[in-house]
Amino acid sequence: MDPSADLTSHAPAAHDPHHHDEHGHDHHELGWWRKYVFSTDHKVIGIQYLITGLIFLFLGFTLMMLMRWQLAYPGKALPVLGPMLNVLFGRGSMPEGIMAPDFYNSLGAMHGTIMIFLGVVPVAFAAFGNYVVPLQIGAPDMTFPKINMASYWAFFVGGIIMLISFFVPGGAAKSGWTAYTPLSVIADSGPGHHIIMNGQTLWLIGFVFLITSSLLGAVNFITTIIQLRAKGLTWMRLPFFVWAQFITAFLLLLAFPPLEAAAVMQLMDRLAATSFFMPTGLVVSGAALNISGGGSPILWQHLFWFLGHPEVYVLILPAMGIVAEILANNTRKPLWGYKSLVFAALVLGFLSFIVWAHHMWLTGMGTVVSAFFQTTTLIISIPSVIILSAFFISLWGGSIRFNTPMLFATAFLPMFGIGGLTGIPLAFNAADIYLHDTYYVIAHFHYIVAPGTIFALFAGVYFWFPKATGRMMSEFWGKVHFWPSLICMNVIFLPMFLQGMLSIHRRWYDGGQGWALSNEKVWGLSGFEWNVPISIAAWVMGLAQIPFIINFFWSIKYGKKVNDNPWEATTLEWAAPSPPPHGNFAVVPTAHRGPYEYSLPGRERDFTMQNEPIRDSDRRAYEAAAAAHD
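Along every chain, residues carry numbers that run from 1 in the direction the sequence is written. Whole-chain, interface and lining totals are the exception, using all residues; otherwise, since this is a predicted model, local features are given only for residues with pLDDT of at least 70 and side-chain atom pairs are given and counted only at 80 or more. Heavy atoms throughout the structure, all of them, feed into the side-chain values; hydrogens and water do not.

A. A look at the overall build of the protein. The helix count covers DSSP runs of H or I at least four residues long, the strand count covers runs of E at least two residues long, and both are numbered beginning at the N terminus. Looking only at helices and strands, the protein features 20 helices and 6 strands. Our radius of gyration looks at C-alpha atoms and nothing else; its globule reference is 2.2 Å times the residue count to the power 0.38. Over its C-alpha trace the protein gives a radius of gyration of 25 Å, about what one expects of a compact globule, namely 25 Å for 630 residues. Seen through its principal axes, the protein has C-alpha atoms that stretch 80 × 60 × 55 Å. The 630 residues of the protein split such that 56% are buried. Considering only intrachain contacts with a sequence separation of at least 6, the fraction spanning at least 24 residues in the protein is 77%. Taken together, the 31 basic and 33 acidic charged side chains of the protein have centroids lying 5 Å from each other. Residue exposure (1.4 Å probe, protein chains only): buried if accessible area is under 20% of the type maximum, exposed if over 50%, otherwise partly exposed. Any pair of residues with heavy atoms lying within 4.5 Å of one another is described as a contacting pair. Only four residue types enter the charge count, namely Lys and Arg as positive and Asp and Glu as negative; His and the chain termini do not. Lysine's charge is taken at NZ, arginine's at CZ, aspartate's at CG and glutamate's at CD.

B. Spatial organisation of the packing of aromatic side chains. Here is the rule: rings of Phe, Tyr and Trp (six-membered ring for Trp) pair when centre to centre is within 6.5 Å. Planes less than 30 degrees apart are stacked, more than 60 are edge-to-face, and the remainder are tilted. Considering all chains together, one arrives at 59 aromatic pairs under this definition. Measuring from ring centre to ring centre gives 5.5 Å for F277 and W300, while their planes differ by 80°; the resulting arrangement is edge-to-face. With a gap of 23 residues between them, F277 in the loop between helix 9 (240–271) and strand 1 (283–284) and W300 in helix 10 (residues 297–331) connect regions that are remote in the sequence. Each member of the pair, F277 together with W300, is buried. Ring centres of F552 and F553 lie 5.1 Å apart, and the angle between their planes is 80°; on these two criteria the pair is classed as edge-to-face. Here the aromatic residues W32, W33, Y36, F38, Y49, F56, Y152, W153, F155 and F156 are joined through ring pairs into a cluster of three or more. Whether a charge sits over a ring comes down to the Lys NZ or Arg CZ being within 6 Å of the ring centre and within 35 degrees of the ring normal. For the cation-ring pair, R229 lies above W235, with the distance from its terminal atom to the ring centre recorded as 4.3 Å.

C. Examining the confidence of the model for the protein more closely. Across the chain, each position has a pLDDT score giving the predictor's confidence in that residue, from 0 to 100. Overall, the prediction assigns the protein a mean pLDDT of 90, with 93% of residues at 70 or greater. Note on residues 1–27: pLDDT under 50 across the span, and 41 contacts to partners over four residues away in sequence or across chains. Under a pLDDT of 50 for its full length, residues 190–194 has, in the predicted model, 12 contacts with residues more than four places off or in other chains.

D. Focus on helix 9. Counted at 1.5 Å a residue, the expected span for helix 9 with its 32 residues is 46 Å, and the 45 Å between its end C-alpha atoms agrees. Throughout, bend refers to the angle between the axes fitted to the seven residues that end at a position and the seven residues that start at it. Approximately 35° is the largest bend angle found in helix 9, and it occurs at F256, with the proline P257 only one to four residues beyond. Given the number of residues in a helix, its expected span is that number minus one, multiplied by 1.5 Å.

E. Region of the structure containing empty space enclosed by the protein. Buriedness for pockets is judged along seven lines, at least five of which must meet protein on both sides within 12 Å for an open set on the 1 Å grid over protein atoms alone, while cavities are sets there where a 1.4 Å probe fits but cannot get out, and lining residues have an atom within 4 Å of a point. Grid points are joined across faces, edges and corners, and a volume is the space filled by probe spheres set on the points. One pass over the full model with this rule turns up 3 cavities of 30 Å³ or more. Here the largest cavity defines a volume of roughly 170 Å³. What lines the largest cavity is a set of 19 residues, among which V121, P122, L210, S213 and S214 lie closest to the centre. Secondary structure elements with two or more residues in the lining of the largest cavity: helix 5 (101–136), helix 6 (145–164) and helix 8 (199–227).

F. Representation of the nonpolar core. Throughout, nonpolar core names a set of buried Ala, Val, Leu, Ile, Met, Phe, Trp, Tyr and Cys residues whose side chains join them through atoms within 4.5 Å. Counting 186 residues, the largest nonpolar core has M110, F240, L259, L317, M320, F391 and F412 as its most contacted members. In terms of residues, this core owes the most to one element, helix 5, which gives 21 residues. Other than its neighbours up to four places away in sequence, L259 contacts F207, I211, W300, L303, F304 and L307.

G. Looking closely at helix 6. With 20 residues, helix 6 should cover 28 Å at 1.5 Å per step; its first-to-last C-alpha distance of 29 Å lies within 8% of that length. Taken as a whole, helix 6 has its buried residues at N148, S151, Y152, A154, F155, G158, G159, I161 and M162. Here the buried face of helix 6 lies against helix 3 (42–72), helix 5 and helix 8.

H. Expanded view of the environment of G349. Mapped onto the fold, G349 is located in helix 11 (residues 338–351). Residues G349 and P310 lie 39 residues apart in sequence; the distance between their C-alpha atoms is 7.4 Å. When neighbours within four sequence positions are excluded, G349 is seen to be in contact with I247 and L251.

I. Region of interest: the environment of P334. Relative to the helices and strands, P334 is located in the loop between helix 10 and helix 11. The spatial distance from the C-alpha of P334 to the C-alpha of S296 is 52 Å, given a sequence separation of 38 residues. Excluding residues within four positions of it along the chain, P334 makes contact with Y596 and Y598.

J. Focus on the side chain of Q499. Within the secondary structure, Q499 sits in helix 17 (residues 475–501). A relative accessible area of 1% means that Q499 is categorised as buried. Counting of polar contacts relies on pairs of N or O atoms within 3.5 Å, with two restrictions inside protein: one atom must be capable of donating a hydrogen and the other of accepting it, and residues adjacent in sequence are counted only when both atoms are side-chain atoms. In this structure the side chain of Q499 is engaged in a polar contact, spanning 3.0 Å, whose partner is the side chain of N531. With residues up to four places along the chain from it excluded, the contact list for Q499 reads Y439, I504, G527, W530, N531 and I534.

K. Looking closely at the side chain of N86. With respect to the helices and strands, N86 occurs in helix 4 (residues 81–89). In terms of polar contacts, N86 uses its side chain to reach the backbone amide nitrogen of M94, at 3.0 Å. Setting aside anything within four residues of it in sequence, one finds N86 in contact with R91, G92, S93, M94, P95 and E96.

Right under this line is the structure:
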């Protein structure tokens, strides 16, 4: 007997808000604050993560749009907004509306930090994981509801601290989203002096909160998936999305603690004059830095990238899980190679821990170590190719419905493919010497995360919105959102490969206008001149998100009402009411079959849900399929 059956069987009946538990205690309706703000319900917490994460994504995108003005028109005043931002962020940030170099550096560092750690990770892992995973495994909630709540509020506090850093003396962190030492330790500090409350210090404090949030969430997800699966939901009956979240939780659990320790050590280097990462003999502004010395700047890079590379798969695995659910549902056929997908994802998670130093080719590692990391980097492409190939093959022969979730999901496939293929040259240190820290790296990474992961997140929002609200988002406005976003994404990032091959550096404040190679003509424009169409596309893409924002909030109240299973899907979350009540299910579900039973022979419908009992005709169909396979 599945032990999780005992745990789930005590879930309260969904229709009884004042039920009595087994000890006779009354369970009264919670007040507004407990129900919607300090909630322990996984669905409310998932929505909190989603709304907060989407807001941070928009803020991070806004910072990038400001940077694109400086790159397209360096040294020119930003009309109207420039003087306003100068007052808002401090009068040294944009004097007379012209962006100062320090402010540009702050925008770059905070754009990366906000988009990854405050945007994509909370939405991909915490929001979708919190809302969907318990429903997909037939659980009444997460295993540790209060820890779940603490996870969200640690994330929220970390995000607020990051935003406050824009308004302290000296402005936000300026040493890049990677915070490389010794620059990040001496930033905003004179020789031997440490300003306690400045941007980099707040960045580190905020980071500690964000890491703690992810660790709490990871422990909760792992425990929930192991312990609270519905009766009959064996490991190989789990939806691929659940597998993706399970592996992602292990990545966070194992990779984040070293970075949390490193953040505390860097904080001590800034505030307590320690030298974990500070070498001897540093000279700043012509004066020797008064520190004990003996530390290693390279140590910070190892600790950061030990998280930084698994972090890429923290972003991409939940996205792959979302895409898998939508592809199966809209091709009306099972995912091709389900077990191959699961094992490829497991291998991907394992290998992600032994490739981190390919971010560090320029640190001068020896040939043996370099050869090891080049080899593992090439090997890790194999499971990625297996997953992508299985998705493409799943499309073959399907009766495809191109609704809005499917458009975003299918666009994910070639975009992620471009991002992966363009990463192969970076796997070799001989090529990376020329491409490192250029716009080529920006284009490679963003093809994976922007038109890749973020497209998958949009697909997930459109797909599970009716489950969360009982209403459908507008298909028309969904397509108005999709097409400009797809076109602009490629106009933004495709030319960056060309800029990178012309050696235009990713952190140049003037966009490379003074660099001789940037004047080389490519497709009719010089490397520097490409900044203008790229920036225009970025601003248009910003406008293209307005239909999504309006569609999202308008549909919550006025969207078309739908039944519990509007997509005619097969997994357990669609057996719950829409929106699900406290406890999720009116009747605790039992899983009788795999997650993607589409188009079974002899069925009146082309979908068979996991909680539907297996019939004799099903057994005969399974036996015939097995005999044909043998």
